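As a plain string of letters, each chain reads:
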Amino acid sequence: MSSSSTTTTTTRLLMLKASDGVTFEVEEAVATKLGAINNMVEEEGSEDLICLPNVNGKFLGMVLEWCKKHANNNTNSDKGNDEVNKWWDKEFVMDLDQNTLYHLLMAADYLSGTELVDLLTEKVASMIRGKKVEEIRETFKIKSDFLPGQEEEIRKKNSWAFE
Amino acid sequence: MAMAIAKKVAKSEASDSRPGLPEDEWEEVLLRLPHRRFLIHCSTVCKRWKLRIGNPNFSRRYVQFHNHHRPLHHPYSILSTLRPYTHKQVAEIVSKKFKNLRKPSLPSSSSSSSSSSSSSSSSSYVLDSLPSTAKIMATCRDVLLLSLGKNRYAIFNPLTRKILRLPYTPAFVEIYRDADRSCGLVCEVNDDAELSYKVVVIIKILTQVGEDRVLEGVIFCSESLEWKRLNWQVPPGAPFFQMSNLTSGNGVLYSLLHGNHEGYDRVTGIGIFNLSLDVRLDGNGIERKRCSFLKLPGNFGDGWKRSRTKVSYGLVKGKLRLSQLVKVNQTWELRIWAGNSAAEEMTWDMINCQNLRFEPAGNSNLLVAGFDPSDGEVVFILCNNEIHKYKFAQPSSKRVAKLSGPHLSQNSIDQYMAFVEPFVIEYPPWPSPISEVTEV
């Protein structure tokens, strides 16, 4: 009895339907890396088809790719796998363009993929640190809305941070 | 229902006008910046970021996030100073992370220092910001305890340059020589981003009070904001008559003790001063705590191998380390032990015992001048007038700092070796906030 129930949980397949109608068939163990899906699955009598109207297929696919990697590598957890995951994560975020990064982050947040949110926010943070203020604005296309002198005032008050 | 829709419209409008992340995601991003310095840079990017970063709730979240979820590999610097002659810095070892932290970030022209500038040309980060008469007495986190004279101490953050002069010490302290005192500092930043600290000054080593031998001292706490007498009871028979300044790790203070060993001044053990232990009042109404005496490891080299230039101690990730570096038959041997305090009783584990794979020039003397506070496989070795970073697990070495100072000449360094004292400064993401108190 107990053994048959474990086999059904590991092999159960879920259909995830993105906002643009694209569907993905994934193992439950993979999809439940996402907190939002995990919650739905844990609810009694959940269906195998889950609609995700806020996530576009392109980004859902990427999120699931990440989940797959981490679900597989987590099954036999040792230190070596940890290293592999880290390396894989690094590759995963390395060449993301800003638009994709933003959408992935929003998708991961919506789906409560905590670890993935952590990875992606860390990536955005790495694009900030070490940059000069003008470069930060340029990178993220933010316009300064300070009145003349206001910016200077902050700098004066915290001069240690600008030396 | 209507509200939910309204909210959604407002949100999509915001993202239309500024293509990018929703505001809440930005908070998560800013939270992950590794140092407050970067937060301050970001607060000059736009008003929204300024408001968010300036919000006390954000500060608290930031401090908590880094207190609880982040690894403890902070940027650091180590000041090698001479005691007791000058108390002036003679060398500053700066970690790579610290260099990265200090990269110039001014908006435009003033980035004159090129990235390729060598470390030796800008060797001094901390000393330049010190008040000229100050002597460094102790460090904890990114806070220095400074002596500003016989009866005046201050705590100082070298990064933010904020200084807090403590009230004058009680009058009786003044008769004891500055150079004979041992000082310690314990501080922490709580989840509300507030600094609490304790300053310990031991002014007289070993006095007989009735049956007991005690170290006489005073203490200053951020909670009470006043000096109080505090004596330390020494375990019976603990063999020492001199002690180094106190080094702080995980809220406990340690000191290397010297005593008479077969007629010579030798290192005899380590004193442990735990401020969280109970106090009791002695016959004169003075508070007293017990300190404990930690013996050297069983396989510690004996005799001259215990002289102070051969023995060093420090803290790695808040835990005690002890080293012995001796030359036997033309070869240098480096032994390192790690303090293991799983239980109340501290024991030593030997973690390294091998010949030094490091070629010092000529007949020069070597000394362990410090431990990397987070990398347990790195020690710093003083050789001639240079400090080398030495990785003992896979032996490799690299010159990282050079000694310089008013009293130092090439051929006098051997003389000074016994007085080299390292002060480790670690720079956590949220600099210890120091604010002036109004003086009475």
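Here the structure is a predicted model, which means the values were calculated and not measured.

Caption draft 1: The overall build of chain A, seen in detail. For chain A, the count of helices and strands is 9 helices and 3 strands. Counting helices and strands in the order they occur from the N terminus, chain A gives α-β-β-α-α-β-α-α-α-α-α-α. In chain A, which comprises 163 residues, the proportion classed as buried is 40%. For chain A, the accessible surface area stands at approximately 9400 Å², while carbon and sulfur atoms represent 50% of it.

Caption draft 2: Local environment of the packing of helix H7 (residues 114-128) of chain A against helix H8 (residues 133-140) of chain A. Residues and elements named next belong to chain A. H8 packs onto H7 with a crossing angle of 135° between their chain directions and a minimal axis gap of 9 Å. Here H8 runs oblique to H7, going by the angle between their axes. On H8, the residues that touch Val124, Met127 and Ile128 of H7 are Ile136, Thr139 and Phe140. Here the residues of the contact of H7 with H8 are counted per class, giving 5 nonpolar, 1 polar and no charged.

Caption draft 3: Seen up close, the nonpolar core. Among the nonpolar cores identified, the biggest contains 107 residues, and Ile128(A), Trp49(B), Ile155(B), Tyr197(B) and Val199(B) are the most heavily contacted of them. Both of domain 1 (25-71) and domain 2 (76-97 + 126-426) of chain B provide at least three residues apiece to this core. Apart from the residues lying within four places of it in its own chain, the contact partners of Tyr197(B) are Ile155(B), Leu164(B), Leu166(B), Leu185(B), Val186(B), Cys187(B), Phe220(B), Cys221(B), Ser222(B) and Leu225(B).

Caption draft 4: Structural context of empty space enclosed by the protein. Applying the stated criterion to the full structure yields 1 cavity of 30 Å³ or more. Here the largest cavity defines a volume of roughly 50 Å³. If you go around the largest cavity, the residues you meet are Trp160(A), Glu163(A), Arg37(B), Arg102(B), Tyr125(B), Ser129(B), Pro158(B), Leu159(B) and Arg161(B). Taken together, the residues of the lining of the largest cavity sort by class into 4 nonpolar, 1 polar and 4 charged.

Caption draft 5: Spatial organisation of a positive patch on the surface. Residues and elements named next belong to chain B. Together, Lys96, Lys99, Lys389, Lys391 and Lys398 line one region of the surface with positive charge. Put simply, the parts of the chain that give the positive patch at least two residues each are helix H6 (96-101) and strand S24 (386-391). By the secondary structure assignment, lysine 99 is in helix H6.

Caption draft 6: Looking closely at the domain arrangement of chain B. Residues and elements named next belong to chain B. In terms of domains, chain B is made up of domain 1 (25-71) and domain 2 (76-97 + 126-426). Centre-to-centre separation of domain 1 and domain 2, based on C-alpha positions: 34 Å. Facing the 6 residues of domain 1 at the interface are 6 residues of domain 2. Across the domain 1/domain 2 interface, buried area totals approximately 480 Å², and carbon plus sulfur atoms make up 51% of it. Interface area lost by domain 1 to domain 2 is led by Arg60, Val63 and Asn67, which between them contribute 60%. For the pair domain 1 and domain 2, the interface holds 0 salt bridges. One can count 4 residue pairs in polar contact (both at pLDDT 80 or more) joining domain 1 with domain 2.

Caption draft 7: Local environment of the sheet that holds strand S3 (residues 49-51) of chain A. All names here are of chain A. As summarised here, the arrangement of the 3 strands in space is S2-S1-S3, forming an open sheet in which the pairing is mixed. What marks the edges here is a single partner per strand, and that holds for strand S2 (23-27) and S3. For this sheet the average axis-to-axis angle between neighbouring strands, irrespective of direction, equals 25°.

Caption draft 8: Focus on the UniProt feature "domain: F-box" (unreviewed entry) in chain B. Here the UniProt feature "domain: F-box" (unreviewed entry) sits at residues 21-58 of chain B. In this annotation, residues 21-58 of chain B is assigned 71% helix and 0% strand; the end-to-end C-alpha distance for the span is 18 Å.

Caption draft 9: Seen up close, the sheet that holds strand S20 (residues 331-340) of chain B. Residues and elements named next belong to chain B. Read across the sheet, 4 strands follow the order S18-S19-S20-S21 without closing on themselves; strand pairing throughout is antiparallel. Both outer strands of the open sheet, strand S18 (311-316) and strand S21 (347-355), are each paired with one neighbouring strand and no more. Along the sheet, successive strands turn relative to each other by an average axial angle of 20°, direction set aside. Across 8 bridges, strand S19 (residues 319-328) lies against S20 in antiparallel orientation.

Caption draft 10: Main features of helix H3 (residues 35-42) of chain A. Regarding H3(A), the residues found buried are Ala36(A), Ile37(A) and Val41(A). For H3(A), the arc enclosing every buried residue in end-on projection is 135°, short of the 170-degree limit, so these residues lie on one face.

Caption draft 11: Region of interest: the side chain of Gln233(B). Residue and element names in this part refer to chain B. Relative to the helices and strands, glutamine 233 is located in strand S10 (residues 227-233). Residue class for glutamine 233 comes out buried when judged on its relative accessible area of 9%. Here the side chain of glutamine 233 touches arginine 288 through a polar contact of 3.2 Å, side chain to side chain. Beyond its immediate chain neighbours, meaning those up to four positions away, glutamine 233 contacts Asp212, Arg213, Val214, Arg280, Arg288, Lys289, Arg290 and Cys291.

Caption draft 12: Structural detail: the interface of chain B and chain A. Each side of the interface is counted separately: chain B has 39 residues, and chain A has 34 residues. For the interface between chain B and chain A, the tally reads 2 salt bridges. Between Glu163(A) and Arg161(B) there is a salt bridge, with the nearest N and O atoms lying 3.1 Å from each other. Mapped by element, the contributors of at least two residues to the side of chain B that touches chain A are helix H2 (23-31), helix H3 (36-42) and helix H4 (47-54) of chain B. Residues belonging to the side of chain B that touches chain A are distributed by class as follows: 19 nonpolar, 8 polar and 12 charged.

Caption draft 13: Representation of the pattern of salt bridges within the structure. Applying the stated criterion across every chain, the model contains 23 salt bridges over all chains. Between Arg229(B) and Glu216(B) there is a salt bridge whose closest N-O contact spans 3.4 Å. Of this pair, Arg229(B) sits in strand S10 while Glu216(B) sits in strand S9 (residues 212-221), placing them 13 residues apart in sequence. A residue is classified by how much of its surface remains accessible, and Glu216(B), at 11% relative accessible area, is buried. Via salt bridges that share partners, Asp118(A), Glu23(B), Glu27(B), Glu28(B), Arg32(B), Arg48(B), Arg52(B) and Arg61(B) belong to a single interconnected network.

Analysis parameters
- Residues numbered from 1 in each chain as written.
- Chains lettered and ligands numbered in written order.
- Predicted model: local features only at pLDDT ≥ 70, side-chain atom pairs only at ≥ 80, totals over all residues.
- Heavy atoms only, no water.
- Helix = DSSP H or I, 4+ residues; strand = E, 2+ residues; numbered from the N terminus.
- Buried < 20%, exposed > 50% of the residue type's maximum accessible area, 1.4 Å probe, protein only.
- Areas by Shrake-Rupley, 256 points an atom, 1.4 Å probe, with all protein chains shown as cover.
- Axes fitted to C-alpha atoms, helices over the stretch in contact; angles between N-to-C directions.
- Parallel < 35°, antiparallel > 145°, perpendicular 65-115°, else oblique.
- Contact = heavy atoms within 4.5 Å.
- Nonpolar A, V, L, I, M, F, W, Y, C, P; charged D, E, K, R; others polar.
- Core = buried A, V, L, I, M, F, W, Y, C linked by side-chain atoms within 4.5 Å.
- Domains from an automatic or database assignment.
- 1 Å grid on protein atoms, 1.4 Å probe; cavity = no way out; pocket = protein on both sides within 12 Å on 5 of 7 lines; lining within 4 Å.
- Points joined across faces, edges and corners; volume = space filled by probe spheres on them.
- Patch = residues over 30% accessible without salt bridge, like charges linked within 9 Å, V, L, I, M, F, W, Y side chains within 5 Å.
- Salt bridge = Lys/Arg side-chain N within 4 Å of Asp/Glu carboxyl O.
- Lys, Arg positive; Asp, Glu negative; His and termini not counted.
- Charge placed at Lys NZ, Arg CZ, Asp CG, Glu CD.
- Buried area = accessible area lost by both parts, 1.4 Å probe.
- Polar contact = N/O pair within 3.5 Å; in protein donor to acceptor, adjacent residues only side chain to side chain.
- Pairing = 2+ DSSP bridges.
- UniProt positions renumbered as here; feature names shortened; annotations may be inferred.
- Arc of directions from axis to C-beta.

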